[in-house]
Amino acid sequence: MVLFITGTCNRKCYYCPLSENRKNKDVIYANERKINSIDEAIEEAEICGSKGVGITGGNPILKIDRTCKYLKALKDHFGKDFHAHLYTTLEITEEHLQKLKEAGLDEIRLHPRMENLKNEDKTENKNNKNNKIENKKELELNKLIEKLTLCKKYINKVGVEIPAIPNMDDEISLIIKKINEIPVDFINLNELEYSETNYNNLLEKGFNEKNDYSSRMEGSQETALNAINRAKKHILDENNNLAIKMHYCPSTLKDSVQMKNRLINRAKNVAKEYELITDEGLLIKGIVKYNELELGTDESNVEANIENNPFVQFLQYNELELGIDYEINICKSEIYLNPILLEEIIDYLKDNEDNAELENEFGEFRAYISEYYPTVDKLEVQRTPLVTKKPKLNLKRRKKNLK
Ligand code: SF4
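Note that the coordinates shown come from a computational prediction; the quantities given were computed from them, not determined experimentally.

So, on to the site of the ligand. Lining the immediate environment of the ligand, one finds Cys9, Arg11, Cys13, Cys16, Gly58, Thr89 and His111. For the shell around the ligand, a count of residues per class yields 3 nonpolar, 3 polar and 1 charged.

Okay, the nonpolar core next. If you look at the biggest cluster of nonpolar residues, it comprises 70 residues, and the most contacted ones within it are Ile108, Ile187 and Leu189. Examining the composition of this core, we find that 6 residues originate from one element, helix 4 (residues 127–154), more than from any other. The contact partners of isoleucine 187, leaving out residues within four places of it in the chain, are Val160, Ile162, Ile175, Ile176, Ile179, Ile244, Lys245, Met246 and His247. Formed by 22 residues, the second largest nonpolar core is a distinct cluster that contains Ile284, Leu320, Ile335 and Ile369.

Moving on, we come to the sheet that holds strand 9 (residues 245–249). With mixed pairing, the 9 strands of this open sheet are ordered in space as 3-2-1-4-5-6-7-8-9. Strands with a single pairing partner mark the edges of an open sheet, and in this sheet they are strand 3 (33–35) and strand 9. This sheet shows a mean twist of 25° between the axes of neighbouring strands, independent of strand direction. Judged from the 4 bridges that link them, strand 4 (residues 52–57) and strand 5 (residues 83–89) form a sheet pairing that is parallel. Across the sheet, residue glycine 52 finds its bridge partner in strand 5, namely histidine 83. Sheet strands in contact with helix 1 (residues 38–47) are strand 2 (28–30) and strand 3, and its direction is about 155° off that of strand 3.

Of all residues in the protein, 86% attain a pLDDT of 70 or more, and the chain-wide mean is 87. In this model residues 394–400 is a low-confidence stretch, pLDDT under 50, and it forms 18 contacts with partners more than four residues away in sequence or in other chains.

Looking now at the pattern of salt bridges. Scanning the model with the defined rule gives 27 salt bridges in all. The salt bridge involving glutamate 94 is made with lysine 153; its shortest N-O contact spans 3.1 Å. Here glutamate 94, found in helix 3 (residues 94–103), pairs with lysine 153, found in helix 4; they are 59 residues apart in sequence, far enough to count as distant. The partly exposed category is assigned to glutamate 94, whose relative accessible area is 32%. The class of lysine 153 is exposed, set by a relative accessible area of 55%. Counted as one network, the salt bridges with shared partners bring together Arg11, Glu91, Arg113 and Lys143.

About the thresholds
- Residues numbered from 1 in each chain as written.
- Predicted model: local features only at pLDDT ≥ 70, side-chain atom pairs only at ≥ 80, totals over all residues.
- Heavy atoms only, no water.
- Near = heavy atom within 4 Å.
- Nonpolar A, V, L, I, M, F, W, Y, C, P; charged D, E, K, R; others polar.
- Core = buried A, V, L, I, M, F, W, Y, C linked by side-chain atoms within 4.5 Å.
- Buried < 20%, exposed > 50% of the residue type's maximum accessible area, 1.4 Å probe, protein only.
- Helix = DSSP H or I, 4+ residues; strand = E, 2+ residues; numbered from the N terminus.
- Contact = heavy atoms within 4.5 Å.
- Pairing = 2+ DSSP bridges.
- Axes fitted to C-alpha atoms, helices over the stretch in contact; angles between N-to-C directions.
- pLDDT = per-residue confidence, 0-100.
- Salt bridge = Lys/Arg side-chain N within 4 Å of Asp/Glu carboxyl O.

Right, dumping it as structure tokens:
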């Protein structure tokens, strides 16, 4: 589970991808769900079948007590094997680390200021400016080493996580060389990607989109792979193997694989008996929609409200059980059922549409197949109408058992 513990942050990275509704807002999200309590975080982890938590933000150490409260509660609830890692900046202190250790943190990932690590501009003769840049770079690198060393005293696994900024191959190689001297456990290079909030900043810096069907930035993957290849030649242990664990995370992998796995786990836990789960982790259900108030107005007395509804009678006749095989939403005048079953019913109706015996017993209704996210907001991504004409069912002809 990704626990976004706060959107507040002490930095203003030009590549920060946080969305408008999270950036600099003190909000908490467990995966895509906005939450207000530890209980909701535990519930979300349970629903998604999470094996661990990645605590992120904003900067979690700006809300260190909240971070530790959530972390400890998750560890207490799921046990010590529930792996917890946290992303933060070089502002981390010994006091923060003591608290995080006590709360049970397993792994920490530090993120230096990439802007401060940028090499001098070789194309122009700006000596003063370039001296300042070199100083900034040295200070940032020293601070990174100092904070990583401090983290090693308290946290079991310590690493660095940075965006692979195009053309920063030399700088990234230097970071790898320096941190390997401590040594640290790993470095993660994330492909740079644009979002609604960083897009203009990235263009102003001279970066381009990689293509028009993803949010990847041109050159980022090449920089990451180049840094890894250089390390394979120069950062070696006594057996001539790569001395530091390096991992490149392409944005497509981050987005699609991690998100898909979360959705599939969530879908498995929240799917109703009558719903189907797609390979992408979306839920599919059939919807029969009557005109407003046609199924009644009183949600508390569902059975009485639907007693005389012919579609429901039809389902009951076929021994389908309310609450298991189908559900009724009185407020929306909708009946939910298995999408394949609904298609069969609609086909049956269409096949018999011209039969003179068909009566207008079922009233007017529309039928859809709805595909939606298994998230709290149940965001619908597609609604496919099954019929264009108003179908009419004949009670006398629906002896066919559709189960
Ligand atoms: S440290 Fe992270 S959250 Fe803060 S501005 Fe930079 S990228 Fe955004």
